[in-house]
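Chain by chain, the residues run as shown.
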Amino acid sequence: MGWIAENVESIKSMKIRDTLSQLITLGMIVSTALIIWKALMCLTGSESPVVVVLSGSMEPGFKRGDILFLHMSEAPFRAGEIVVYNVEGKQIPIVHRVIEVHEQENSGKVYILTKGDANPADDRSLYAYGQNWLKPQQIMGRAVGFVPYAGWVTIIMTEKPIIKYILVGALGLLVITSKD
Amino acid sequence: MHSFGYRANALLTYALTILALMCTIASFSDNFNFPSPSVEIQVLNFNWFQKQPHGNDEVSLTMNITADLQSLFTWNTKQLFIFVAAEYETPQNSLNQVSLWDAIIPAKEHAKFWFQTANKGSNLRGKEFNLTLHWHVMPKTGKMLADKLVMSGFRLPEEYR
């Protein structure tokens, strides 16, 4: 109870200049995070340099909640690489392994087929209607490293948005009521 | 400044930083492993070779795979994903890679083995193809490594059967 009274006291005693300087500090923190994210995007060449594994289709290698680090290079795609790709019309990217590659000499077109390690069949049923092969442009990056379990925070915040609001609210309260 | 909240925050940040550092070091320790795997693949038989209605050819072959991949395992290895891919050229495509068979090796003890397997692929008559055994080291944490061993000189039968 005394904790709440303390916080209410500190909110009442805030001055405008202090509030502004705290807001600016908050803005700096957010901007720094954004700069780091964009820098990572440039470094790895991928639109989304860090992804969270959402399904169990690559088990036992990647479980739900693992984080993957992606890297994109001009090198051609080869069988066996773990790639993250987008299907047109679907928002969520898919992390699977390339099992077939066909490169046409004259036109330079490349046809790719993928499959999840734990899935019995290839990904044709996941592609857009009428699409039998993936195009290299749909691939966002290759998985080069991974950290287990670190993505559960993101999954929980996405699936139960109330937790996201609670966390952001608590953080905001902490920032506002700090005496610095 | 000494409230529970601040202390918990400082502790959590420190713990996460140390954890990230340990993961990086664990991954770095994989660089000190110099593997020397050995693989041998024999094609025992071409079971059947037919032309499909939609233009592709389909072949079924039986392979005998003998391998010793124990040296690829380190303490930071969760599993090894291996697969055999056939690589060949066609008049239209300068490169084709088709995965014929794959397996997951979860532990060092299973890494010395031989396997007899029958597979299908789509290719064309009389073609020469390379069989490549690829392996992907999936670590417990950190950087993933991949490498392969190419065995060349296989040939598809000239006639359908």
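These numbers were taken from a predicted model, which means no experiment stands behind them.

**Q** Please set out the UniProt feature "domain: Peptidase S24/S26A/S26B/S26C" (unreviewed entry) in chain A residue by residue, giving values where relevant.
**A** Taking the UniProt record as the reference, the feature "domain: Peptidase S24/S26A/S26B/S26C" (unreviewed entry) is found at residues 37-100 of chain A. The span residues 37-100 of chain A carries 12% helix and 30% strand; its end-to-end C-alpha distance comes to 32 Å.

**Q** Would you mind going over the packing of aromatic side chains in detail, with residue names and values included?
**A** Going through the model one piece at a time under the given rule, you end up with five aromatic pairs over all chains. An angle of 55° between the planes, with centres 5.3 Å apart, marks the rings of Phe 62 of chain A and Phe 146 of chain A as tilted. One end of the pair, Phe 62 of chain A, is in the loop between strand E1 (50-52) and strand E2 (67-71); the other, Phe 146 of chain A, is in strand E6 (residues 139-147), and 84 residues separate them in sequence. Taken as a pair, Phe 62 of chain A and Phe 146 of chain A share a single burial class, namely buried. With centroids separated by 6.1 Å and ring planes inclined at 45°, the aromatic side chains of Phe 81 of chain B and Phe 83 of chain B adopt a geometry described as tilted. Neither residue differs from the other here; Phe 81 of chain B and Phe 83 of chain B are each classed as buried. In this structure, Arg 97 of chain A packs its charged tip against the face of Phe 81 of chain B, placed 3.5 Å from the ring centre.

**Q** A description of the domain arrangement of chain A should follow, citing residues and the corresponding values.
**A** Split by domain assignment, chain A resolves into domain 1 (2-44 + 161-177) and domain 2 (50-149). Placing the centre of domain 1 of chain A and that of domain 2 of chain A at their C-alpha centroids yields a distance of 37 Å.

**Q** Can you explain the interface of chain A and chain B? Please cite residues and give values.
**A** Residue-level contacts link 27 residues of chain A with 24 residues of chain B. Linking chain A with chain B are zero salt bridges, by the criterion used here. Across the contact surface, chain A and chain B share six residue pairs in polar contact (both at pLDDT 80 or more). Of all the elements in the fold, those that place two or more residues in the side of chain A that touches chain B are strand E4 (94-104) and E6 of chain A. With seven residues, E4 of chain A is the single largest residue contributor to the side of chain A that touches chain B. Along the lines of polarity and charge, the residues of the side of chain A that touches chain B split into 11 nonpolar, six polar and 10 charged. Here E4 of chain A pairs with strand E4 (residues 93-105) of chain B via five bridges, running antiparallel. Bridging from a neighbouring strand, His 102 of chain A pairs with Asn 96 of chain B of E4 of chain B.

**Q** Lay out the environment of Thr 32 of chain A with the relevant residues and their values.
**A** Relative to the helices and strands, Thr 32 of chain A resides in helix H2 (residues 16-44). Counting along the chain gives 20 residues from Thr 32 of chain A to Val 52 of chain A, while the straight-line C-alpha distance between them is 22 Å.

**Q** Give a detailed account of the environment of Gly 27 of chain A, specifying residues and quantitative values.
**A** Residues and elements named next belong to chain A. Here Gly 27 shows up in helix H2. With a relative accessible area of 32%, Gly 27 lands in the partly exposed category. Note: C-alpha distance between Gly 27 and His 96 (69 residues apart in sequence) is 38 Å.

**Q** Lay out the side chain of Ser 27 of chain B in plain terms, naming residues and giving numbers.
**A** Counting through the fold element by element, Ser 27 of chain B comes out in helix H1 (residues 4-29). Sequence-distant contacts of Ser 27 of chain B, that is, excluding residues within four places in its chain, are made with Asn 76, Thr 141, Gly 142 and Lys 143 of chain B.

Each value, and the rule that gives it
Residues numbered from 1 in each chain as written. Chains lettered and ligands numbered in written order. Predicted model: local features only at pLDDT ≥ 70, side-chain atom pairs only at ≥ 80, totals over all residues. Heavy atoms only, no water. UniProt positions renumbered as here; feature names shortened; annotations may be inferred. Helix = DSSP H or I, 4+ residues; strand = E, 2+ residues; numbered from the N terminus. Phe/Tyr/Trp six-rings, centres within 6.5 Å; stacked < 30°, edge-to-face > 60°. Buried < 20%, exposed > 50% of the residue type's maximum accessible area, 1.4 Å probe, protein only. Lys NZ or Arg CZ within 6 Å of the ring centre and 35° of its normal. Domains from an automatic or database assignment. Contact = heavy atoms within 4.5 Å. Salt bridge = Lys/Arg side-chain N within 4 Å of Asp/Glu carboxyl O. Polar contact = N/O pair within 3.5 Å; in protein donor to acceptor, adjacent residues only side chain to side chain. Nonpolar A, V, L, I, M, F, W, Y, C, P; charged D, E, K, R; others polar. Pairing = 2+ DSSP bridges.

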